[in-house]
Amino acid sequence: MTDRSVTLYRFNLGLALGGSVGLGDFEFSHIDVHVHEGYGSIALSREKSLNALNSTLHFELLKALQELLKPPHKVRAILITGKGRAFSAGQDLQEVLTPNNGEAVKVGDLVKDNYLPLMKRLLSLEVPTVCAVNGIAAGAGASLALACDIVIASKDARFLQAFSKIGLMPDSGGTWLLPRLIGRSRALSQFLLADSIDAETALELGMIAKVVDSEDLEYEAEKVAKMLAIGPTKAFVATRKAVDQGFHMGFEESLNLEAEMQSDLGATYDYREGVEAFVQKRPPLFMGK
Ligand code: T3D
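First, a word on what this report is: a plain description of the structure on this page.

### Details of the nonpolar core
Membership of the largest hydrophobic core comes to 49 residues, with the highest contact counts inside it found for I78, F87, V133, F159, M207 and I208. Top contributing element to this core by residue count: helix α2 (residues 55-69), with six residues. Not counting chain neighbours up to four residues away, the residues in contact with M207 comprise L146, F159, L178, L181, I182, Q190, I197 and A202. Counting 13 residues, the second largest nonpolar core, distinct from the first, contains A132, A221, V224 and A225.

### With respect to the site of the ligand
Taken together, 23 residues are adjacent to the ligand, and R85, A89, Q91, L93 and A140 come closest. Here K48 contributes a backbone N or O atom positioned 3.3 Å from an oxygen atom of the ligand. The backbone of Q91 places a nitrogen or oxygen atom 2.8 Å from a nitrogen atom of the ligand. With three residues, the single largest contributor to the shell around the ligand is helix α4 (residues 107-123). A per-class count over the shell around the ligand returns 15 nonpolar, four polar and four charged.

### Focus: the pattern of salt bridges
Under the criterion given, the structure shown has ten salt bridges. With a shortest N-O distance of 2.9 Å, R121 and E126 are connected by a salt bridge. Judged by relative accessible area, which is 43%, E126 ranks as partly exposed. Residue E220 is joined to K210 by a salt bridge in which the shortest nitrogen-to-oxygen separation is 3.2 Å. A residue pair is termed long-range when its members are at least 10 positions apart, and E220 in helix α9 (residues 217-229) and K210 in strand β11 (residues 210-212) qualify at ten residues. Judged by its relative accessible area of 14%, E220 falls in the buried class. Residue class for K210 comes out partly exposed when judged on its relative accessible area of 36%.

Cut-offs applied
- Residues numbered from 1 in each chain as written.
- Predicted model: local features only at pLDDT ≥ 70, side-chain atom pairs only at ≥ 80, totals over all residues.
- Heavy atoms only, no water.
- Core = buried A, V, L, I, M, F, W, Y, C linked by side-chain atoms within 4.5 Å.
- Buried < 20%, exposed > 50% of the residue type's maximum accessible area, 1.4 Å probe, protein only.
- Helix = DSSP H or I, 4+ residues; strand = E, 2+ residues; numbered from the N terminus.
- Contact = heavy atoms within 4.5 Å.
- Near = heavy atom within 4 Å.
- Polar contact = N/O pair within 3.5 Å; in protein donor to acceptor, adjacent residues only side chain to side chain.
- Nonpolar A, V, L, I, M, F, W, Y, C, P; charged D, E, K, R; others polar.
- Salt bridge = Lys/Arg side-chain N within 4 Å of Asp/Glu carboxyl O.

Nothing here speaks to function; it is geometry throughout.
Right, dumping it as structure tokens:
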């Protein structure tokens, strides 16, 4: 994604790259991070391997999510995309084969150390997320995309539950996310057969929110991120939480959760502002608090 506006966000990645850490700053090598007006964008940037996810990329993603939400940036929406012709080909399979201190990397360790923290963070993030899927999203790459709140795909995007092709079951939240989006039968079909799903089909199935022409993807995704960034952030996040928790609750429990969360939102600045703006017949100026 091009940065139309604001600050290029560069860090020196001390630990992961062996460089020096200055003033808490890091240099990202596997992602491009930018701060725009109100929202932050993260582009996976390992084009040669179709943005395959390795441990450094995981580390950087979590770091970026942490930094973007802190002052001075305090963004109120995050946009995730991939550079080049793919969104992400999922777990870096080279990394799995590469011995770590003489020992092969254990799949279970990768899942626990990398995917668990990332997916937990994404689903509990204090701001809404948008994903612009610009090409293939395979394996954990598909999970990463589907974990975002609003998923927009270009016409040439594809989703591939590639896990069974390499003898694995879905991880990274896949077995939780996909059946909720499209139902057990269709999810199992994608998981077991590992056929790639094109963007239009993904839209029809309810996996994603919108399909746009490839040349419009950046503009459309930025438009959504900008809209979210000026919205009532706490209400957005509470909505995600109620929807996600509601899936495994009875109706009454869900009603109670809504009532509890709504009473918290009733005490926010943005609620007061929203009502005042309505009464005064002007657009609201939400502050995310
Ligand atoms: O440890 C664990 O495994 C646990 C975690 C699991 C989570 C997962 O994500 S499991 C699923 C892992 N992903 C896959 O199995 C997908 C593997 N990739 C593919 O099947 C194909 O590459 C695609 C269908 C995604 C795209 O196909 P195509 O024909 O458009 O591209 P390509 O030629 O296969 O790939 C282009 C390059 O990217 C190629 O490198 P090269 O030959 O040009 O040097 C290829 O090796 C590389 N690449 C693609 N996917 C990965 C990758 N390199 C490392 N890891 C990958 N996942």
